[in-house]
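Residue strings, one per chain:
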Amino acid sequence: MTTDLGTPRVLPSDEAERAVLLAAPRGYCAGVDRAVVTVEKALELYGSPVYVRKQIVHNKHVVADLESRGAVFVEELDEVPAGATVVFSAHGVSPEVHRQAEARSLKTIDATCPLVTKVHHEAKRFAGDDYDILLIGHAGHEEVEGTAGEAPDHIQLVEGPGDVAGIVVRDPTKVAWLSQTTLSVDETLETVAAIRERFPQLLDPPSDDICYATQNRQLAVKEIARDSDLVIVVGSGNSSNSVRLVEVALEAGAGAAHRVDDASEIDETWLDGVGTVSVTSGASVPESLVQEVLAFLRERGYPDARAVHSAEESLIFALPKELRRDLKAAGRS
C-alpha cells in the first residue's frame, strides 16, 4: 500500500514510549558491492550500452539507477548483439551460458559473487567423485539454476524438509548436500537434519555455503526482533535474503514484520499502537533507502535510531579479472 510521505502521523500521547532500533550489519555485502561497481566501471570504461544478463543484484532501485546510466538488462543472451559486452550477475551462471556467450562472440565480465563460485566448485568436485548432490534452495532462483548447471546429471533440488521423502539416489552411501547462499540458516539446518535421517552417511560441503553476510544479517535481526513491536525489512520481493529476514524476525519474536522496497510502501496502520520499530535491509539494498525509512519514522514522531551492532564486516572482493585487466590497460587501475 502506498503511503503519503508528506502527511506525518500524529501519535496519541498515551501510546507506549517509542524507539527505533537499527540493525548492524545490514545492506550491501561484499559480493553485491563488487557486482554493482563492476557495472559502473564497465560503463565508464566501455561506454553504453553495457548489457547485463538478469538483474545484477535483486533490487529494483539499483537496477533502475544502472539503467539510467546506460546498462541494458536482458533475460537471455540472444537479446545481446553479437560482439557486445555483457556482465553476468552476482548470482552466477551455468557453463551452458558461458558456451552461449562464446558462440555469440560476446565480451563477458563475470560478476558472480566469489562465495557463489565456491559452491559451483564444490558441485563440480562432488560430481567428479560421482556423488548424488542434493541442492537445498528455491526453484527458479538464478543462483540455483547456475549451480545446478555445473553438474545437471548429479544434482537434484530440495526446497525443504517436505521434499526429503521423495529423494531418489543411486547409492545411499554417496550423497552430498549443498545450498543456495541466501537461505535461512535455521531452515537449512532443519532440511539437512531431515536428509541425514534418511542418509546417515550424508557428506557435508567443506565449508558453510550460506554466505557470511546472510548469516550476519539474520543474527542482527534476531538481536533486535525480540524487543520489537514491528520490524521493517528494506528489500525487493525477489531478494531471497530480504524475504528470509522477515521470516527470521517473526520467528525471533517480533510483533509484526514487513518487507518494503522503500519508504513509500510502508502502511501507516502498521504503526498503530507500536512503541519499538526495528529496521534492517537485505544484502542488495543501498543505504539511502534505509535512511528514507528512518526519515519516514522521524516525521511520525519516532526518535533517531539506535544502532544495535551484532557483527563487524570488513571483507572486500576484487573486481572481476577481465575488468581489472582492461582497467589496467586503459591506465585506470
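This text follows the structure it describes.
Predicted model, so just to flag it, every value in this text is computed and none were measured.

K.L.:
Requested: an account of the overall build of the protein, with residues and values cited.
P.N.:
Regarding its fold elements, the protein presents ten helices and twelve strands. The C-alpha radius of gyration computed for the protein amounts to 22 Å, which stays within 12% of the reference 20 Å derived for 333 residues, consistent with globular compactness. With respect to the principal axes defined by its C-alpha atoms, the protein has extents near 65 × 55 × 35 Å. Out of the 333 residues in the protein, the part that is buried amounts to 52%. Within the protein, contacts between residues at least 6 apart in sequence are counted, and of these 76% link residues at least 24 apart. Counting only carbon and sulfur atoms, one obtains 50% of the accessible surface of the protein, whose full area is about 14,400 Å².

K.L.:
Summarise the side chain of Glu 150; cite the residues concerned and give the values.
P.N.:
Along the polypeptide, Glu 150 turns up in the loop between helix H5 (142-148) and strand E7 (155-158). Buried within the structure, Glu 150 lacks any salt-bridge partner; its nearest side chain of opposite charge belongs to Lys 124, at an N-O separation of 4.2 Å. At 2.8 Å, the side chain of Glu 150 forms a polar contact with the side chain of His 120. Among all residues touching Glu 150, those that are not within four sequence positions of it are Val 93, Pro 95, His 120, Ala 123 and Lys 124.

K.L.:
Mind laying out the sheet that holds strand E10 (residues 257-260), listing which residues take part and the relevant values?
P.N.:
In spatial order, the strands read E10-E9-E11-E1-E12; together these five strands make up an open sheet with parallel pairing. Looking at which strands have only one partner, the edges of the open sheet turn out to be E10 and strand E12 (306-309). Across the sheet, the mean angle from the axis of one strand to that of its neighbour is 25 degrees, orientation sign disregarded. Looking at chain direction, strand E9 (residues 230-234) and strand E11 (residues 276-281) are connected through five bridges and run parallel. Paired with Val 233 across the bridge in E11 is Thr 280. Each of E9, E10 and E11 touches helix H8 (residues 240-251); the most contacted strand, E10, lies at about 165 degrees to it.

K.L.:
Can you lay out the packing of aromatic side chains for me, pointing to particular residues and giving the numbers?
P.N.:
In the structure shown here, the tally under the stated rule is one aromatic pair. Considering the side-chain rings of Phe 126 and Tyr 131, the 6.0 Å spacing of their centres and the 50 degrees angle between planes classify their relative orientation as tilted. Look at Phe 126 and you get buried, because its relative accessible area is 0%. Seen from the ring of Tyr 302, Arg 18 lies directly overhead, with NZ or CZ sitting 5.8 Å from the centre. The positively charged end of Arg 300 is found above the aromatic ring belonging to Phe 296, 3.8 Å away from the centroid.

K.L.:
Can you explain the pairing of strand E4 (residues 85-88)? Please cite residues and give values.
P.N.:
Here E4 shows a buried face lined by Thr 85 and Val 87 and a second buried face lined by Val 86 and Phe 88. When strand E2 (residues 50-53) meets E4, the two strands line up parallel, connected through three bridges. Pairing of Tyr 51 across the sheet is with Val 86, part of E4. Note: E4 against strand E5 (residues 107-110), four bridges, orientation parallel. By the bridge assignment for E5, Val 86 is matched with Thr 108. At this point the chain moves from E4, through helix H3 (residues 95-103), to the parallel E5, and the crossover so formed is right-handed.

K.L.:
Outline the nonpolar core, supporting the account with residue identities and numerical values.
P.N.:
Membership of the largest hydrophobic core comes to 27 residues, with the highest contact counts inside it found for Val 39, Ile 56, Val 57 and Val 87. Within the residue set of this core, elements represented by two or more residues are helix H1 (30-46), E2, helix H2 (60-69), strand E3 (71-74) and helix H10 (321-329). When residues of this core are assigned to their parent elements, the largest contribution, seven residues, is made by H1. If we skip the residues at most four places from it in the chain, Val 39 touches Val 52, Ile 56, Leu 66, Ala 71 and Val 87. Counting 20 residues, the second-largest nonpolar core is a separate cluster that includes Leu 230, Val 234, Leu 271 and Val 293.

Conventions adopted
Residues numbered from 1 in each chain as written. Predicted model: local features only at pLDDT ≥ 70, side-chain atom pairs only at ≥ 80, totals over all residues. Heavy atoms only, no water. Helix = DSSP H or I, 4+ residues; strand = E, 2+ residues; numbered from the N terminus. Rg over C-alpha atoms; globule rule 2.2 N^0.38 Å. Buried < 20%, exposed > 50% of the residue type's maximum accessible area, 1.4 Å probe, protein only. Contact = heavy atoms within 4.5 Å. Areas by Shrake-Rupley, 256 points an atom, 1.4 Å probe, with all protein chains shown as cover. Lys, Arg positive; Asp, Glu negative; His and termini not counted. Salt bridge = Lys/Arg side-chain N within 4 Å of Asp/Glu carboxyl O. Polar contact = N/O pair within 3.5 Å; in protein donor to acceptor, adjacent residues only side chain to side chain. Pairing = 2+ DSSP bridges. Axes fitted to C-alpha atoms, helices over the stretch in contact; angles between N-to-C directions. Phe/Tyr/Trp six-rings, centres within 6.5 Å; stacked < 30°, edge-to-face > 60°. Lys NZ or Arg CZ within 6 Å of the ring centre and 35° of its normal. Right-handed = clockwise from strand over helix to strand, strands pointing away. Core = buried A, V, L, I, M, F, W, Y, C linked by side-chain atoms within 4.5 Å.

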